[in-house]
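# Residue-level structural notes
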Amino acid sequence: MSMKLEMLRVFRTVAETGTLAAAARELNRTPSAISMTLAQLADEIGAPLFETDRKNRLTPLGQLVLEESCRATDVFDKSAQAIRRHAISTGGILRIAAVPSATVALLPDVIEVFRKSHPDVRIEISDVDTPAVRRRVQRDEADIGIVSARPGETSEGDLILCDDLGIVCAEGGPLHTAHLSAGGSSDWNLLSLEPLIANPLCRLVDHPLVDTLMASSTLEARNTTAILSFVRRGFGASILPFEAVKSQPDGVEFFAPSSPISRRELRKIRQGSDCQSVAIETFWSLLGDI
């Protein structure tokens, strides 16, 4: 009998739940059927996978088989889910991985225009940081990626836009009050007046105080909406691009310090330009045109 995916799934479930009965409940099978499948797998491998009959401790080989079983079943489940999504979506699927600020500031307008010509395409958006965007594109887990970078830091992909990074703080808070008292003077040192809500964009600001505040920050968030919510609640100030803040509701203030002027680029990336679907090409072209 050859090794089957179902054997690996059963073995994984038993190893993770610790008992035949628990695995049987999870897989909606009888304990005797689970036991028989495990025996078939052990016979196929030619060595025991559990230290005892209680199935609560793996042999060294069993640990290796568990790792491979997790890898195999995860890949299969991911493929099966993708097939189901394609079957549901008559127009295909477009997978976008984007940094949070682009998700808030850029994608709504692009999606609005895109859906007029491709209403049946299912759009899946992953809201992640720049390193994760690159990984998803490289692993073919995203058709298009949108990353953040310092101007001139990289030439990858195509430039979408370049905007100012600035301080975002609560309206009427200590930092905002100091900014007004200084006659609207913009200075990164004002960040010392409130706790810093850290996020990956802070690393794009070349100022020693920002580095110090990043190291001592006790609150970090990556999602732009969450950051703005924390700022409104008075948890501290943060650093965001102008495009991500300009259309937000009242309750927060934004200003861009001039010493030094800090900017960020949004760039679109993908693995290659050959044999791309019409939907991907359309969305790619819209990025930066709106």
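About the cut-offs
Residues numbered from 1 in each chain as written. Predicted model: local features only at pLDDT ≥ 70, side-chain atom pairs only at ≥ 80, totals over all residues. Heavy atoms only, no water. Helix = DSSP H or I, 4+ residues; strand = E, 2+ residues; numbered from the N terminus. Contact = heavy atoms within 4.5 Å. Buried < 20%, exposed > 50% of the residue type's maximum accessible area, 1.4 Å probe, protein only. Arc of directions from axis to C-beta. Polar contact = N/O pair within 3.5 Å; in protein donor to acceptor, adjacent residues only side chain to side chain. pLDDT = per-residue confidence, 0-100. Axes fitted to C-alpha atoms, helices over the stretch in contact; angles between N-to-C directions. Parallel < 35°, antiparallel > 145°, perpendicular 65-115°, else oblique. Nonpolar A, V, L, I, M, F, W, Y, C, P; charged D, E, K, R; others polar. Core = buried A, V, L, I, M, F, W, Y, C linked by side-chain atoms within 4.5 Å.

## Comments concerning the environment of Phe50
Relative to the elements of secondary structure, Phe50 occurs in the loop between α3 (31-45) and α4 (60-88). In this structure, Phe50 is in contact with Phe11, Val14, Ala15, Leu38, Lys55, Asn56, Arg57, Leu58 and Thr59, ignoring residues within four places of it in sequence.

## Observations regarding helix α7 (residues 130-138)
Those residues of α7 not exposed but buried are Thr130, Ala132, Val133 and Val137. Seen end-on, α7 carries its buried residues on one side only, within an arc spanning 160°. Elements in contact with the buried residues of α7: β1 (93-98), β3 (144-149) and β9 (263-269). By the N-cap criterion, in which a side-chain oxygen at the helix start approaches the backbone nitrogen of a residue two or three places on, α7 is capped by Asp129, the distance to Ala132 being 3.1 Å. Downstream of α7 by a residue or two, Asp140 has a phi angle that is positive, lying close to 60°.

## Examining the confidence of the model for the chain
The predicted model of the chain has a mean per-residue pLDDT of 89, with 96% of residues at 70 or higher. The secondary-structure element of the chain with the lowest mean pLDDT is α4, recorded at 84, while strand β5 (residues 197-198) shows the highest, at 97.

## A look at the packing of helix α2 (residues 20-27) against α3
Following both chains from N to C, one finds α2 and α3 inclined at 105°, their axes separated by 8 Å at the closest point. Here α2 lies roughly perpendicular to α3, going by the angle between them. Contacts from Leu20, Ala23, Ala24 and Leu27 of α2 reach α3 at Pro31, Ile34, Ser35 and Leu38. Class assignment of the residues belonging to the contact of α2 with α3 gives a composition of 7 nonpolar, 1 polar and no charged.

## Let's talk about the nonpolar core
Soluble globular proteins: nonpolar side chains tend toward being buried together. Leu175, Leu191, Val210 and Ile239 are the most contacted members of the largest nonpolar core, which has 30 residues in total. Of all the secondary structure elements, the ones that give two or more residues to this core are β4 (158-170), β5, α9 (208-216), α10 (224-232), β7 (238-241) and β8 (252-255). Looking at which element gives the most residues to this core, the answer is β4, with 5 residues. When sequence neighbours within four positions are dropped, the list of residues in contact with Leu191 reads Ile167, Leu175, Leu196, Leu209, Val210, Leu213, Ala237 and Ile239. Val128, Ala132, Val137 and Leu287 belong to the second largest nonpolar core, which has 29 residues in total.

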